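Chain residues, written in single-letter form:
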Number of protein chains: 2
Amino acid sequence: MDLKDKRVDYNKFELVEEHAGKDPYALFNLWFSEASETEPEPNIMIVSTSHNDQPQTRVVLLKEVKDGDFVFYTNYQSSKGKALEQNVKVSILFFWRDQQRQVRIEGIASKVAAKESDDYFYSRPKESQIGAIASSQSDELTSRHALEDKFKTLEAHYEGNAIERPAHWGGYAISPKSFEFWQGRASRLHDRLTYEKVDAAWTRKRLYP
Amino acid sequence: MDLKDKRVDYNKFELVEEHAGKDPYALFNLWFSEASETEPEPNIMIVSTSHNDQPQTRVVLLKEVKDGDFVFYTNYQSSKGKALEQNVKVSILFFWRDQQRQVRIEGIASKVAAKESDDYFYSRPKESQIGAIASSQSDELTSRHALEDKFKTLEAHYEGNAIERPAHWGGYAISPKSFEFWQGRASRLHDRLTYEKVDAAWTRKRLYP
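Procedures and definitions
Residues numbered from 1 in each chain as written. Chains lettered and ligands numbered in written order. Predicted model: local features only at pLDDT ≥ 70, side-chain atom pairs only at ≥ 80, totals over all residues. Heavy atoms only, no water. Buried < 20%, exposed > 50% of the residue type's maximum accessible area, 1.4 Å probe, protein only. Helix = DSSP H or I, 4+ residues; strand = E, 2+ residues; numbered from the N terminus. Arc of directions from axis to C-beta. Contact = heavy atoms within 4.5 Å. Pairing = 2+ DSSP bridges. Buried area = accessible area lost by both parts, 1.4 Å probe. Salt bridge = Lys/Arg side-chain N within 4 Å of Asp/Glu carboxyl O. Polar contact = N/O pair within 3.5 Å; in protein donor to acceptor, adjacent residues only side chain to side chain. Nonpolar A, V, L, I, M, F, W, Y, C, P; charged D, E, K, R; others polar. Least-squares fit on C-alpha atoms with pLDDT ≥ 70 in both. pLDDT = per-residue confidence, 0-100. Axes fitted to C-alpha atoms, helices over the stretch in contact; angles between N-to-C directions. Parallel < 35°, antiparallel > 145°, perpendicular 65-115°, else oblique. Left-handed = near helix turned anticlockwise from the far one by under 90°. Phe/Tyr/Trp six-rings, centres within 6.5 Å; stacked < 30°, edge-to-face > 60°.

1. Re helix H4 (residues 114-123) of chain A
Residues and elements named next belong to chain A. When H4 is considered as a whole, its buried residues turn out to be Ser 117, Tyr 120 and Phe 121. Buried residues of H4 fall within an arc of 100° about the axis and therefore sit on the same side. The elements touched by buried residues of H4 are strand E4 (69-75), helix H5 (126-134) and strand E8 (169-183).

2. So, the pairing of strand E5 (residues 89-96) of chain B
All names here are of chain B. Counting buried positions over the eight residues of E5 gives six, a clear majority of the element. In the sheet, strand E1 (residues 44-51) pairs with E5 via three bridges, with the strands oriented antiparallel. Across the sheet, residue Ser 48 finds its bridge partner in E5, namely Ser 91. Relative to strand E6 (residues 101-111), E5 runs antiparallel, the two being bridged by eight bridges. Bridge pairing links Val 90 to Gly 107 in E6.

3. Looking at the interface of chain B and chain A
If you look at the interface, chain B gives 81 residues, while chain A gives 81 residues. For the chain B face of the interface with chain A, the top three residues by lost area are Met 1, Arg 144 and Tyr 208 of chain B, together amounting to 12%. Linking chain B with chain A are eight salt bridges, by the criterion used here. Asp 98 of chain B is the partner of Arg 97 of chain A in a salt bridge, and the nearest nitrogen-oxygen pair spans 3.1 Å. Scanning the region where chain B abuts chain A turns up 52 residue pairs in polar contact (both at pLDDT 80 or more). By residue number, the principal contributor to the side of chain B that touches chain A is strand E2 (residues 54-61) of chain B, which donates seven residues. Along the lines of polarity and charge, the residues of the side of chain B that touches chain A split into 29 nonpolar, 23 polar and 29 charged.

4. Focus: the pairing of strand E10 (residues 201-207) of chain B
Of the strand pairs in this sheet, strand E7 (residues 140-141) of chain A and E10 of chain B are connected by two bridges, and their pairing is antiparallel. Bridged to Leu 141 of chain A within E10 of chain B is Arg 206 of chain B. In terms of strand pairing, strand E9 (residues 191-198) of chain B meets E10 of chain B through six bridges, oriented antiparallel. Of the residues in E10 of chain B, the one forming a bridge with Tyr 195 of chain B is Arg 204 of chain B.

5. Describing the relation of the copies chain B and chain A
In screw terms, the move from chain B to chain A is a rotation of 180° and a rise of 0.0 Å along the axis, fitting with an RMSD of 0.0 Å. Seen this way, the second copy is the image of the first under a two-fold rotation axis. When the interface residues of chain B are mapped onto chain A, 100% of them are again interface residues, pointing to one common binding face.

6. A few points about the confidence of the model for chain A
When the pLDDT values of chain A are averaged, the result is 95; 100% of them are 70 or greater. Interface confidence for the predicted complex, given as ipTM, is 0.95, next to a pTM of 0.96.

7. Considering the environment of Tyr 10 of chain A
Examined against the element boundaries, Tyr 10 of chain A turns out to sit in the segment before helix H1 (17-20). Tyr 10 of chain A has contacts with Gln 100, Trp 182, Gly 184, Arg 185, Ala 186 and His 190 of chain A together with Glu 41 and Leu 61 of chain B, leaving out every residue within four places of it along the chain. A distance of 2.9 Å separates the side chain of Tyr 10 of chain A from the side chain of Glu 41 of chain B, its partner in a polar contact.

8. Looking at the packing of H5 of chain A against helix H6 (residues 144-157) of chain A
Residues and elements named next belong to chain A. For the pair H5 and H6, the least separation of the axes is 9 Å and the interaxial angle reads 125°. Relative to H6, the element H5 is oriented oblique. Viewed along their axes, H5 and H6 form a crossing whose handedness is right-handed. Contact residues: Glu 127, Ile 130, Gly 131, Ile 133 and Ala 134 in H5; Leu 147, Lys 150, Phe 151, Leu 154 and Glu 155 in H6. Tallied by class, residues from the contact of H5 with H6 come to six nonpolar, one polar and three charged.

9. Regarding unusual backbone geometry
Backbone geometry at Ser 187 of chain A places phi at a positive 55°, although glycine is not the residue there. Within the secondary structure layout, Ser 187 of chain A lies in the loop between E8 and strand E9 (191-198).

10. Topic: the pattern of salt bridges
This structure, assessed with the given rule, holds 36 salt bridges over all chains. The shortest N-O distance in the salt bridge between Lys 66 of chain B and Glu 116 of chain B comes to 3.5 Å. With Lys 66 of chain B in strand E3 (residues 64-66) and Glu 116 of chain B in helix H4 (residues 114-123), the pair connects residues that are 50 residues apart, well separated along the chain. For Lys 66 of chain B, a relative accessible area of 31% translates into the label partly exposed. The class for Glu 116 of chain B is partly exposed, based on a relative accessible area of 23%. Between Arg 192 of chain B and Glu 180 of chain B there is a salt bridge whose closest N-O contact spans 2.7 Å. Of this pair, Arg 192 of chain B sits in strand E9 while Glu 180 of chain B sits in strand E8 (residues 169-183), and the two are 12 residues apart along the sequence. The exposure class of Glu 180 of chain B is buried, given its relative accessible area of 7%. The network of salt bridges with shared partners includes Glu 14, Glu 17, Arg 185, Asp 191 and Arg 206 of chain A together with Arg 144 and Glu 148 of chain B.

11. With respect to the packing of aromatic side chains
All names here are of chain A. As enumerated under the stated definition, the model contains 46 aromatic pairs over all chains in all. Taking 4.4 Å as the distance between ring centres and 35° as the angle between the ring planes, the aromatic pair formed by Tyr 73 and Tyr 120 counts as tilted. Here Tyr 120 lies in helix H4 and Tyr 73 lies in strand E4, a separation of 47 residues in the sequence. Comparing Tyr 73 with Tyr 120 shows no difference in burial state: the two are buried. When the ring of Phe 181 is compared with that of Tyr 195, the centres are 5.6 Å apart and the planes differ by 85°; the resulting orientation is edge-to-face.

Here is the structure:
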């Protein structure tokens, strides 16, 4: 497969200091709301963990930005949960193709309070709750059929019965140490602004593309 | 920001063993060609590195799959280049939103031969070559204006003169140890098939979603 002649020029927007401001959350909110106009799921959040020096990367869904933390939900026994047991340092990437933008975040993950996981779990549709119970996330599965059977059995079991949040299902909150906002530009002269937390304040810098 | 009520169901495709086959490259090629029908840049490749236990994630462009390796080009002195000096283990993510698919790869990065970097460098448009020379990638930059000035000075300098590939600009080839193909499905009962290299052969498994 050879893609060396494939070229898309980036020329939709620019990112200048005057409009970027001093607060990375305000800029994140602005870009998020612009992405929401065209992206079916602007909250697609790519989270990377690393343990034993092996990075691992997957898509999760951002569910909330709360007290400055980026929150998503998962199975704590999944491979990402196991990686986070070993190493709480993570990176986040938002990539919004229609705006030719990336936001890169580095930070620290911690579990949210059980009450918060409860609140979100019980707000989900019943089939998603059952889906979470049916899945021993990241373990080997003999067949698609086995999963669907398990789902149907649980569906019958919980017909008319309340579902309890499994203890191994819940949220992580990622607290950012740094942000980078990347805006694609022509001739690969992209705009890159970083924000780093120094003491309690954010310091902004421009980087070479 | 609260996105807890936002829900998109995934129901476009399924991934079953009968169609997935035994060769992860064949499946990758199929998915890539299907993504190419709707994605402006299906070759957007998200690469994560890790050093000092800190994962870092960014978008690069896949330029080639050659002898089983996934090849991209960059500045070897960029932060990803510096991370790869410390730790060659990387992860790759392709996310194709229109098909509700991810491909996750873990592997080992190494520099491509200088000749290959030359060939690709000289195939690029002159302004991209100058852009690569103008940018001390990931270093601090005083202003957008300074970058544009540098670009214009170099453009004038190279008018009618050949441009040489800078030694610090070139390719990395990532050799996969594992692939995961993820197809979004309804009720979060997604399909996940992994391929792991055991001796010289690929072993396929289904994972719980």
